[in-house]
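# Residue-level structural notes
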Amino acid sequence: MRKDYLEIGKIVTTHGVTGEVKVYPWCDTPDFLAGFSRLFLNKGKDPVLVQRARVQKNMVLLKLEGIDTMEAAQALRGQILYADRAGMPLEEGEYFIQDLIGLSVIDADTGEEYGTLSDVSQTGANDVYHIQKPGEAQKLIPAIPQVVVKTDIEGGVMRIRPLKGLFDDAD
């Protein structure tokens with residue numbers, strides 16, 4: 001199911017005495033998270049305005065409207081921040097990781113089902129998709145055009161063409 005609000009980070013602690021929170025970003029870069037003027041709490045139900053945002057190392061420091069004390073900020077610790085999908089347009093062929101998780105992964109040529117996409121590792125050169133099938137070892141595939149033939153989010157299917165030798169049982 002496609003979510004309207006996507007998890008973008010987690011409030012891990014407070015920063016200073018004026019109500020700032022430190023957020024661990026769950027997006028490509030901390031700068032991306034720092035670019036929002038409005039985020040959401042409680043699975044997208046409660047909007048919060050961002051008064052100020054800055055990147056500190058690999059974290060984001062946020063000053064949220066109405067959170068003016070360390071105690072108020074402490075009450076948000078552990079909360080997940082969400083962003084409205086409508087405010088994050090994607091280019092053709094780009095996908096949110098949250099939309100990929102749970103896709104059935106099948107062979108583009110034979111129809112063999114390899115399992116379900118269970119995780120995505122961001123390695124730098126290219127992402128790596130983790131494919132899990134009950135009772136079998138996890139399979140890893142590179143997210144490159146030579147392997148990923150088609151991604152159908154609405155249909156819940158990813159069609160792949162494994163490179164020779166990618167899987168132990170490959171030809």
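Our subject is the structure listed above.
This section reports on the structure supplied with the text. (Residues numbered from 1 in each chain as written. Predicted model: local features only at pLDDT ≥ 70, side-chain atom pairs only at ≥ 80, totals over all residues. Heavy atoms only, no water.)

## Considering the pairing of strand E2 (residues 20–25)
Under the convention used in this document: Pairing between strands requires that DSSP locate at least two bridges from one strand to the other. In this text, helices come from DSSP runs of H or I with a minimum length of four residues, and strands from runs of E with a minimum of two, each type numbered from the N-terminal end.
Two strands pair when backbone bridges link them, and strand E1 (residues 5–15) and E2 are joined in this way by six bridges, in the antiparallel orientation. The residue of E2 that forms the bridge with Gly9 is Pro25. In this structure, the hairpin formed by E1 and E2 is closed by a connection of four residues, where Gly16 is found at a positive phi of approximately 75°. The sheet contact formed by E2 and strand E5 (residues 59–64) spans three bridges and is antiparallel. Bridging from a neighbouring strand, Val23 pairs with Val60 of E5.

## Some points on the packing of aromatic side chains
To keep it simple, the criterion reads: Aromatic pairing here means that ring centres of Phe, Tyr or Trp (its six-membered ring) are within 6.5 Å. Orientation follows from the plane angle: under 30 degrees is stacked, over 60 is edge-to-face, and everything else is tilted. Each residue's exposure class comes from its accessible area (1.4 Å probe, protein chains only) as a fraction of the maximum for that residue type: buried when under 20%, exposed when over 50%, partly exposed otherwise.
Summed over the entire model, instances satisfying the criterion amount to two aromatic pairs. On the basis of an interplanar angle of 85° and a centroid distance of 5.4 Å, the ring pair of Phe32 and Phe36 is categorised as edge-to-face. The partly exposed category is assigned to Phe32, whose relative accessible area is 38%. The exposure class assigned to Phe36 is buried, which follows from its relative accessible area of 15%.

## Side note on the sheet that holds strand E12 (residues 157–160)
Which entries qualify depends on this criterion: Every axis corresponds to a line fitted to the C-alpha atoms, with the helix fit spanning only the stretch in contact, and the corresponding angles, defined between N-to-C directions, vary from 0 to 180 degrees.
Strands sit in the order E10-E9-E8-E7-E12-E11 across an open sheet of six strands; the sheet is mixed. Each edge of the open sheet carries a strand with a single partner, namely strand E10 (139–142) and strand E11 (148–152). Along the sheet, successive strands turn relative to each other by an average axial angle of 35°, direction set aside. Summarising the sheet, E11 and E12 pair through four bridges and their orientation is antiparallel. Looking at E12, one finds that Asp152 is bridged to Val157.

## So, the nonpolar core
What counts here: We call a set of buried Ala, Val, Leu, Ile, Met, Phe, Trp, Tyr and Cys residues a nonpolar core when their side-chain atoms join them within 4.5 Å. Contacts are residue-level and defined by heavy atoms, with any inter-residue pair within 4.5 Å sufficient.
Ile8, Val21, Val23, Leu39, Leu62, Leu64 and Leu81 are the most contacted members of the largest nonpolar core, which has 22 residues in total. Elements with a contribution of two residues or more to this core: E1, E2, strand E3 (38–41), strand E4 (46–56), E5 and strand E6 (80–84). Beyond its immediate stretch of four places on either side in the chain, Ile8 contacts Pro25, Trp26, Cys27, Phe32, Leu33, Phe36, Leu39, Leu81, Tyr82 and Ala83. Counting residues in hydrophobic clusters, the runner-up holds 15 residues, among them Leu100, Leu103, Tyr114 and Ile160.

## Here we look at the environment of Asp99
Along the chain, Asp99 turns up in helix H3 (residues 97–100). A relative accessible area of 12% places Asp99 in the buried class. Separated by 50 residues in sequence, Asp99 and Leu49 place their C-alpha atoms 26 Å apart. Not counting residues up to four positions away in its chain, the partners in contact with Asp99 are Arg2, Arg85 and Ile153.

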